[in-house]
Amino acid sequence: MAVGQNQRNRKNDSILTKTGKARLGPLNTTQLSKLLESSTKPKEKDKIQRALNKLGPVVTPEAA
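Described below are features of the structure shown in this document. Remember, it's a predicted structure, so these values are computed and weren't measured experimentally.

### Considerations on the overall build of the protein
What the protein contains, in helices and strands, is three helices and zero strands. Scanning the protein from its N terminus toward the C terminus, one meets helices and strands in the order α-α-α. In the protein, which comprises 64 residues, the proportion classed as buried is 11%. Long-range pairs, those at least 24 residues apart, make up 18% of the contacts in the protein between residues at least 6 apart in sequence. Accessible surface for the protein amounts to roughly 5700 Å². Of this, 54% is attributable to carbon and sulfur atoms.

In structure tokens form, the structure reads like this:
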């Protein structure tokens, strides 16, 4: 069996990359913050933090 054979047979999912990692763009702030808490890799945490900063400030329903 070839090394990358299962990647060709896998159904395409727009939220996941070819390797199975989640794309950060379509996620909302709650999903990103949950992903940031569960992440253990510093490089991954930096990417998630940049995506959170790009979305802007979080408006909570209590403050509004």
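### Examining a positive patch on the surface
Taken together, the side chains of Lys21, Lys41, Lys43, Lys47, Arg50 and Lys54 present a region of like positive charge at the surface. Locating Lys21 in the fold gives a position in the loop between helix H1 (5–9) and helix H2 (29–38). Residue Lys21 is classed as exposed on the basis of its relative accessible area of 56%.

### Examining helix H3 (residues 42–55)
Within an α-helix, residues lying three or four positions from one another point in the same direction, as the helix has 3.6 residues per turn. Given a rise of 1.5 Å per residue, 14 residues ought to cover 20 Å, and the 20 Å separating the end C-alpha atoms of H3 matches this to within 8%. Inspection of H3 places Ile48, Ala51 and Leu52 among the buried residues, and these make up the whole buried set. The buried side chains of H3 occupy one side of the element, clustering within an arc of 100° when seen end-on. Of the exposed residues in H3, those oriented more than 90 degrees away from the buried face are Pro42, Lys43, Arg50, Asn53 and Lys54. Tucked into the core, H3 has its buried residues touching H2. Gly56 sits one or two positions beyond H3 and adopts a positive phi of about 100°.

### So, the nonpolar core
Within the largest apolar cluster, six residues are counted, these being Leu27, Leu32, Leu36, Ile48, Ala51 and Leu52. Those elements that provide at least two residues to this core are H2 and H3. Discounting residues that sit within four places of it in the chain, Ile48 has contacts with Leu24, Leu32, Leu35, Leu36 and Ser39.

Reading guide: rules and limits
Residues numbered from 1 in each chain as written. Predicted model: local features only at pLDDT ≥ 70, side-chain atom pairs only at ≥ 80, totals over all residues. Heavy atoms only, no water. Helix = DSSP H or I, 4+ residues; strand = E, 2+ residues; numbered from the N terminus. Buried < 20%, exposed > 50% of the residue type's maximum accessible area, 1.4 Å probe, protein only. Contact = heavy atoms within 4.5 Å. Areas by Shrake-Rupley, 256 points an atom, 1.4 Å probe, with all protein chains shown as cover. Patch = residues over 30% accessible without salt bridge, like charges linked within 9 Å, V, L, I, M, F, W, Y side chains within 5 Å. Salt bridge = Lys/Arg side-chain N within 4 Å of Asp/Glu carboxyl O. Lys, Arg positive; Asp, Glu negative; His and termini not counted. Charge placed at Lys NZ, Arg CZ, Asp CG, Glu CD. Expected span 1.5 Å × (residues − 1). Arc of directions from axis to C-beta. Core = buried A, V, L, I, M, F, W, Y, C linked by side-chain atoms within 4.5 Å.

Read these as geometric descriptors, not functional statements.
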